[in-house]
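Each chain, written out:
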Amino acid sequence: MEVAASKPVYQFEGYALDLARGALLDATGAEVSLRPKSFDLLHMLVTNAGRLLDRDTINRAIWHDVTVTDDAITQCIRDIRRAVRDADQRILKTVPRRGYIFTAQVTAGPEQSAFPFSASSLPLTDKPSIAVLAFTNMSNDPTQEYFSDGIATDITTELSHNRWLLVISRNSSFTYKGRAVDLKHVAQELGVRYILEGSVRRNGEHVRVTVQLIEAESAGHLWAHRFDRSVNDVFAVQDEIAAAVIAAILPAVNDAERRRAVRKAPENLDAWEAYQRGLNHLFRFTSDADIARAREFFGDSIRSDPAFSSAYAGLSLTYIREVLWSAQSGPLALAESWARKGVEMDPNDSESHAVLAQSMCLAGRHEEGLRRALLALDINPSSSWAHYAKGESLLFNGSAAEGREPLLMALRLDPRGPITIHFMMLLMVSYYF
């Protein structure tokens, strides 16, 4: 019997491209989410490191069976740079009007050499982590697999835009497709705290999609919902359901993480948990004492991890709230300074850009704030905070009706969160204006 040759692992700049698992791993062994075509393009670039690849060559190799526009390649390049944090093109360089060069030093080795721990039980990261399993096709028609797969893939892609959430790539999550699995065991293998699973049943022009979010350690259900839709436009229905799921599960995960952090003693908190405790006090909206406690926890978070951008954004928010409550402009300089520090720590953190946009807007620099909010949305189109910042900038720059749309989107993305009341207040002001 022939033994299949093991697939190599390509390592570069603290990342590993594991072809056997079909995953991009960071230095801790945690998966970095990439869409299938983006993964294929990264594989092509890595195996041709140091060579100029033009768009025609990429197009023929990655989309050999279909015709696509240049935007498809551009989007994949953007996904790859976001995944490996290459905003300055240090790893993947664009050669204007010619193509792309993967400039990082690449080494190839056997599968076992990538990381020191066993892939059968990956360690949990400090931040929350989730795997979206392939949805079960419960229709009698096996050709409907594309529909159930499409919903799970869309949800995975949208979740991956959130920097604070580690999302396991579709390539790894779908390896459990068609198998009866123990979710707790799956969570241990993938190193995640949360599992999203679902099923699709289609009957003629009607489809029922059932989704549930599970906390793996306790096997408890955090959220579940059933969607009944008429299928006139398959892709529109996929997008609608994916958007609705994202809007529901992000607040559910946030709430679960906050409750988990509150249960721990302050001296045992890591950077992420201290940040969650800070948010817990910030969003109580009760007293100045809570603001002071929030700043303490955000400071603890930064001391634990000086590069944790969200903690700097959290500090900025405490000063923004002080401005809003006291109607004094003094804390604005501190609000902007801490937000800029968050952006400096992680230029791809959408929330830090959004908070910076808010501080600019409060300072009366609405156009500047709008540009920053649009940058935040370019990084993460699913950020309720970025939509909120955009709406606020437009509203107070005299475009009340135009600002209402992003505010409504913020409300849709986070309908029950701690700052939902602010979305509603600005919507009210937009109608008043």
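None of these values were measured; they are calculated from a predicted model. Each chain carries its own residue numbering, running from 1 in the direction its sequence is written. With pLDDT at 70 or above as the cut-off, local features in this predicted model cover only qualifying residues; side-chain atom pairs require 80 or more to be listed or tallied, and sums for whole chains, interfaces and linings still use all residues. Only heavy atoms go into the side-chain values, all of them from the structure, while hydrogens and water stay out.

**Points about the overall build of the chain**
Secondary structure elements are defined from DSSP: runs of H or I of at least 4 residues count as helices, runs of E of at least 2 residues count as strands, and each element is numbered from the N terminus. A tally of regular secondary structure across the chain gives 16 helices and 14 strands. Our radius of gyration is a C-alpha quantity, and the globule rule it is checked against amounts to 2.2 Å times the number of residues to the power 0.38. The globule rule puts the C-alpha radius of gyration for 433 residues at 22 Å, and the 22 Å found for the chain is close to it. Taking the principal axes of its C-alpha atoms as reference, the chain extends roughly 75 × 50 × 50 Å. Residue burial is assigned from relative accessible area. The probe radius is 1.4 Å, only protein chains are included, and a residue is buried under 20% of its type maximum, exposed over 50%, and partly exposed in between. Within the chain, the proportion of its 433 residues that are buried is 52%. A contact between two residues is defined here by any heavy atoms of the two lying within 4.5 Å. For the chain, the proportion of contacts with a sequence separation of at least 24, taken over those separated by at least 6, is 59%.

**Details of the nonpolar core**
Among the buried residues, those of types Ala, Val, Leu, Ile, Met, Phe, Trp, Tyr and Cys that are joined through side-chain atoms within 4.5 Å form a nonpolar core. By size, the foremost hydrophobic cluster in this structure holds 76 residues, and its most contacted members are I155 and L159. Broken down by element, the residue count for this core peaks at 12 residues, all from helix α7 (residues 234-262). Among residues more than four places away in sequence, those in contact with L159 are I130, V132, L165, V167, I246, I249 and L250. By size, the runner-up hydrophobic cluster in this structure holds 29 residues, among which are L17, L42, L45 and A83.

**Regarding the pairing of strand β1 (residues 9-12)**
Two strands form a pair only when DSSP identifies at least two bridges running between them. Pairing analysis gives four bridges linking β1 to strand β2 (residues 15-18), with the strands arranged antiparallel. Across the sheet, residue V9 finds its bridge partner in β2, namely D18. Where β1 folds back onto β2 in an antiparallel hairpin, the turn is made up of two residues, including E13, whose phi is positive at roughly 45 degrees.

**Overview of the sheet that holds strand β7 (residues 99-102)**
Taken in spatial order, the three strands of this open sheet run β5-β7-β6, and their pairing is antiparallel. Strands at the two margins of the open sheet, each flanked by one partner only, are β5 (52-53) and β6 (92-95). Two strands pair when backbone bridges link them, and β5 and β7 are joined in this way by two bridges, in the antiparallel orientation. Bridge pairing in β7 links L52 to I101. For helices, the fitted axis covers only the stretch in contact; all axes are lines through C-alpha atoms, and the angles between them, taken along N-to-C directions, range from 0 to 180 degrees. Across the face of the sheet, helix α1 (residues 36-47) comes into contact with β5, β6 and β7 while running at roughly 65 degrees to β7.

**A closer look at helix α14 (residues 384-395)**
If you check α14, its first and last C-alpha atoms are 16 Å apart, about what 12 residues at 1.5 Å a residue would give, namely 16 Å. Summarising burial for α14: 11 of the 12 residues are buried, a large majority. What α14 keeps buried is the set S384, W385, A386, H387, Y388, A389, G391, E392, S393, L394 and L395. Here the expected span of a helix is defined as 1.5 Å times the quantity of residues minus one.

**Some words on the packing of aromatic side chains**
Pairing of aromatic rings covers Phe, Tyr and Trp, the last counted by its six-membered ring, and requires centre-to-centre distances within 6.5 Å; plane angles under 30 degrees mean stacked, over 60 mean edge-to-face, and any other angle means tilted. Going through the model one piece at a time under the given rule, you end up with 11 aromatic pairs. Aromatic pair F12 and F102: ring centres 5.1 Å apart, planes at 85 degrees, arrangement edge-to-face. A residue pair is termed long-range when its members are at least 10 positions apart, and F12 in strand β1 and F102 in strand β7 qualify at 90 residues. Note on accessibility: F12 and F102 belong to one class, buried. Among the aromatic residues, those joined into a cluster by ring pairs are W272, Y275, F298 and F308. Positioned above the aromatic ring of F147 is the side chain of R202, whose terminal nitrogen or guanidinium carbon lies 5.9 Å from the ring centre. The aromatic ring of Y431 is capped on one face by R404, whose charged end is 4.0 Å from the ring centroid. Any Lys NZ or Arg CZ that is within 6 Å of a ring centre and within 35 degrees of that ring's normal is treated as a charge sitting over the ring.

**Focus on the side chain of E215**
By the secondary structure assignment, E215 is in strand β13 (residues 206-215). Assessed through its relative accessible area of 18%, E215 is described here as buried. Ignoring sequence-local partners within four residues, the contact set of E215 consists of R193, Y194, G220 and L222.

**Quick look at the pattern of salt bridges**
We count a salt bridge whenever a side-chain nitrogen from Lys or Arg sits within 4 Å of a carboxyl oxygen from Asp or Glu. A full pass over the atoms with the stated rule returns 19 salt bridges. Measuring nitrogen to oxygen at the nearest pair gives 2.8 Å for the salt bridge that ties E240 to R229. Here E240, found in helix α7, pairs with R229, found in strand β14 (residues 220-230); they are 11 residues apart in sequence, far enough to count as distant. What makes E240 partly exposed here is its relative accessible area of 33%. Given a relative accessible area of 25%, R229 falls into the partly exposed group. Of the charged contacts in the structure, one is a salt bridge between R303 and D300, with a shortest N-O distance of 2.6 Å.

**Considering the confidence of the model for the chain**
Known as pLDDT, the predictor's per-residue confidence is scaled from 0 to 100. Mean pLDDT for the chain: 84, with 92% of residues reaching 70 or above. Of all secondary-structure elements in the chain, the lowest mean pLDDT belongs to strand β8 (residues 107-109), at 76, while α14 reaches the highest, 94. Scored below 50 in pLDDT, residues 112-119 shows 15 contacts in the model against residues more than four places distant or in partner chains.

**Thoughts on unusual backbone geometry**
The phi dihedral of R85 is positive, around 55 degrees, even though this residue is not glycine. Within the fold, R85 resides in the loop between α3 (70-83) and β6. At R97, a position not held by glycine, the phi torsion is positive, near 65 degrees. For R97, the position within the fold is in the loop between β6 and β7. Here R97 falls in the exposed class, since its relative accessible area comes to 86%.

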